[in-house]
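Geometric and topological summary
This is what each chain is made of:
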Amino acid sequence: MKRKNNEQSLKEVIGELLKVYKLDGRMNEVRLISSWEKVVGKMIAKHTKDMYISRRKLYVKLDSSVLRDELSYSKTKILGMLNEEAGTEVIDEVVFR
C-alpha cells in the first residue's frame, strides 16, 4: 500500500515523539540494560545484583569480587558490545562494583 506524502508509519511517529520529549536517550539506556544478559551470558547475569546508568557510565554491582576482577579486563569489549546492541553509543564507561 502506497502512503500519501503527509502520512508516516507508526514507528516514525513514535521516534519523533521520543525525540521531541527528549525520551529517546532514556529508551536507549533501557535497551542497553535489557541487553546485558545477551552480551555477558547467563552465568554473569546471575551474579549481577544491580545496574544503572548515570552520566553515560554503566554501573554494575556484582556479588563476586573474583568475577568483578575478571570482567574489569574486558571492559572495552563489553562496552562496545552493549553499545552495539543498543544501536547507538549510549555509554562511555563501565564501572564494576
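Residues numbered from 1 in each chain as written. Predicted model: local features only at pLDDT ≥ 70, side-chain atom pairs only at ≥ 80, totals over all residues. Heavy atoms only, no water.

**Regarding the packing of helix α2 (residues 24-34) against helix α6 (residues 75-86)**
Where we set the bar: As a rule, the C-alpha atoms of each element are fitted with a line to give its axis, helices using only the stretch in contact, and angles between N-to-C directions run from 0 to 180 degrees. By definition, any uninterrupted DSSP run of H or I lasting at least four residues is a helix, any uninterrupted run of E lasting at least two residues is a strand, and each is numbered from the N terminus. Put simply, angles under 35 degrees are roughly parallel, angles over 145 are roughly antiparallel, angles from 65 to 115 are roughly perpendicular, and the rest are oblique. What makes a crossing left-handed is the near helix being turned counterclockwise from the far one by less than a right angle; a clockwise turn instead makes it right-handed. By definition in these notes, contact holds between two residues if any of their heavy atoms fall within 4.5 Å. Charged residues are taken to be Asp, Glu, Lys and Arg, nonpolar residues to be Ala, Val, Leu, Ile, Met, Phe, Trp, Tyr, Cys and Pro, and polar residues to be all remaining types, Gly included.
Packing of α2 against α6 brings their axes to within 8 Å, and their N-to-C directions diverge by 120°. Comparing their axes, α6 and α2 come out oblique. Between α2 and α6 the crossing geometry is right-handed. Together, Asn-28, Arg-31 and Leu-32 of α2 and Leu-82, Asn-83, Glu-85 and Ala-86 of α6 make up the contact between the two elements. Counted by class, the contact of α2 with α6 contains three nonpolar, two polar and two charged residues.

**Some words on α2**
Definition in use: Each residue's exposure class comes from its accessible area (1.4 Å probe, protein chains only) as a fraction of the maximum for that residue type: buried when under 20%, exposed when over 50%, partly exposed otherwise. Comment: arc refers to directions from the helix axis out to C-beta atoms.
Those residues of α2 not exposed but buried are Asn-28, Glu-29 and Leu-32. Within α2, the buried residues cover an arc of 100° as seen down the axis, which keeps them to one side.

**Some thoughts on the pattern of salt bridges**
Put simply, the rule is: The salt bridge definition used is simple: a Lys or Arg side-chain nitrogen within 4 Å of an Asp or Glu carboxyl oxygen.
The tally for this structure, following the rule as stated, stands at six salt bridges. A salt bridge links Arg-26 to Glu-29; its shortest N-O distance comes to 3.0 Å. Placement of the pair is Arg-26 and Glu-29 together in helix α2, with a separation of three residues, close to one helical turn. The exposure class assigned to Arg-26 is partly exposed, which follows from its relative accessible area of 48%.

**Remarks on the sheet that holds strand β3 (residues 93-96)**
Rule in force here: DSSP calls a pair of strands paired once it identifies at least 2 bridges connecting them.
The strand order β1-β2-β3 describes an open sheet built from three strands, whose pairing is mixed. Both edges of this open sheet fall to β1 (48-54) and β3, since each of them pairs with a single strand only. Strand-to-strand, the axes of this sheet are offset by a mean angle of 20°, without reference to chain direction. Pairing of strand β2 (residues 57-62) with β3, which is carried by four bridges, proceeds in the parallel orientation. Paired with Tyr-59 across the bridge in β3 is Val-95. Relative to the sheet, α2 contacts β1 and β2, its axis offset from that of β1 by approximately 155°. Across the face of the sheet, α6 comes into contact with β2 and β3 while running at roughly 120° to β3.

**A closer look at unusual backbone geometry**
With a phi close to 50°, Arg-55 is a non-glycine residue in the positive phi region. Looking at the element boundaries, Arg-55 is found in the loop between β1 and β2.

Take it as geometry only, folks, not as evidence of what the structure does.
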